[in-house]
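# Analysis of the macromolecular model
Residue strings, one per chain:
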Amino acid sequence: SNDCYVYVPEGRDFQTYNQARSAFVEIGNPNIFKIVLFGKKDFIIGVCAEAKYYRQIRLRIIDSNNKAVLFDNAAFDYIESYGFTIDKTQPLDLEITVLSKDKTTNGARLCLGIQILWCKTAEKP
């Protein structure tokens, strides 16, 4: 939707990855989305929600094998997108929670968008 924006570096040919999705979720409840990212690619993962309810969205990227937290956007003021490189094929859990300071909205349902973009790994100079 027009409410969602993921920064894409200029001059890179990022395409939508086949595991991008949307889901109907509850505010305040963590949601786990299992994905597999293939190696030797650069990825950008972005999250957004309907503007009517939008507050902050917490995104944690977790290694499915050992449950290590690889990224947590709470440490970066809840940025909505994150770019990284995968060297070898990796199963990941995306833990996404729509947050709200208004406790009366907890439990309300809304549409959450998960955009996953990919391109071949950039050549190192």
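Data block above holds the structure.
These remarks concern the structure in this document.

Rules used throughout
Numbers given for residues are sequential positions, taken from 1 along each chain in its written order. Given that this is a predicted model, residues contribute local features only at a pLDDT of at least 70 and side-chain atom pairs are listed and counted only at 80 or more, while totals for whole chains, interfaces and linings are drawn from all residues. Values shown for side chains rest on all heavy atoms present in the structure; no hydrogens or waters enter the calculation. Helix and strand labels come from DSSP, where a helix needs a run of H or I of at least four residues and a strand needs a run of E of at least two; each type is numbered from the N terminus. The globule rule used here is 2.2 Å times the number of residues to the 0.38 power, and the radius of gyration it is set against is calculated over C-alpha atoms. Using a 1.4 Å probe on the protein chains alone, a residue whose accessible area is under 20% of its type maximum counts as buried, one over 50% counts as exposed, and one in between counts as partly exposed. Pairing of N or O atoms within 3.5 Å defines a polar contact, subject to two protein rules: one partner must be a possible hydrogen donor and the other a possible acceptor, and residues neighboring in sequence count only if both atoms are side-chain atoms. Should any heavy atoms of two residues lie within 4.5 Å, those residues are counted as being in contact. Here a Phe, Tyr or Trp ring, Trp counted by its six-membered ring, pairs with any other such ring whose centre lies within 6.5 Å, and the pair is stacked when the planes are under 30 degrees apart, edge-to-face when over 60, and tilted otherwise. Put simply, buried Ala, Val, Leu, Ile, Met, Phe, Trp, Tyr and Cys residues joined by side-chain atoms within 4.5 Å make one nonpolar core. Paired strands are those between which DSSP finds at least two bridges. Between the N-to-C directions of two axes lies an angle of 0 to 180 degrees, each axis being a line fitted to C-alpha atoms and, for a helix, fitted only over the stretch in contact.

## Digging into the overall build of the protein chain
Per the secondary structure count, the protein chain includes 0 helices and 9 strands. Helices (α) and strands (β) of the protein chain occur, in sequence order from the N terminus, as β-β-β-β-β-β-β-β-β. In terms of overall size, the protein chain behaves like a compact globule, its C-alpha atoms giving a radius of gyration of 15 Å where 125 residues would be expected to give roughly 14 Å. Along the three orthogonal principal directions, the C-alpha set of the protein chain runs to about 50 × 35 × 25 Å. Across the 125 residues of the protein chain, 38% fall into the buried class.

## Looking at the side chain of Q90
Among the secondary structure elements, Q90 is positioned in strand β8 (residues 90-99). Residue classification places Q90 among the buried residues on the basis of a relative accessible area of 13%. At a separation of 3.2 Å, a polar atom in the side chain of Q90 contacts the side chain of D63. Not counting residues within four places of it along the chain, the set of residues in contact with Q90 comprises I35, V36, L37, D63 and N65.

## Examining the packing of aromatic side chains
How two aromatic rings sit relative to each other is set out by the distance from centre to centre and by the angle between their planes. Using the criterion set out here, one finds 5 aromatic pairs in the structure. A ring pair is formed by Y17 and F43, whose centres lie 5.2 Å apart and whose planes are at 85 degrees; its orientation type is edge-to-face. Note that Y17 is positioned in the loop between β1 (15-16) and β2 (21-26) and F43 in strand β4 (residues 41-49), a separation of 26 residues in sequence. Arranged with centres 5.5 Å apart and planes meeting at 25 degrees, the rings of Y82 and F84 form a pair that is stacked. Pairwise contacts between aromatic rings join Y17, F43, F71, F76, Y82 and F84 into one cluster.

## Remarks on the nonpolar core
Residues L37, L94, I96 and I116 are the most contacted members of the largest nonpolar core, which totals 25 residues. Listed by contribution, the elements that provide at least two residues to this core are β2, β3 (31-37), β4, β5 (56-63), β7 (81-86), β8 and β9 (109-120). Ignoring sequence-local partners within four residues, the contact set of L94 consists of N31, I32, F33, I35, I45, L59, R60, I61, I114 and I116. One finds V6, F14, I44 and L117 within the second-largest nonpolar core, a separate group that totals 5 residues.

## Looking at the sheet that holds β3
Strand pairing in a sheet is mediated by backbone hydrogen bonds. Such pairs are either parallel or antiparallel. What the 4 strands build is an open sheet, ordered β3-β8-β5-β6; its pairing is antiparallel. Both edges of this open sheet fall to β3 and β6 (69-72), since each of them pairs with a single strand only. Across the sheet, the axes of successive neighbouring strands diverge by a mean angle of 20 degrees, strand direction being ignored. As paired elements, β3 and β8 share 7 bridges and run antiparallel to each other. The partner of N31 across the bridge, within β8, is I96.

## Quick word on the environment of N18
Mapping N18 onto the fold places it in the loop between β1 and β2. Overall, N18 belongs to the exposed group, its relative accessible area being 68%. Separated by 77 residues in the primary sequence, N18 and E95 have C-alpha atoms spaced 18 Å apart.

In short, geometric facts, not functional conclusions.
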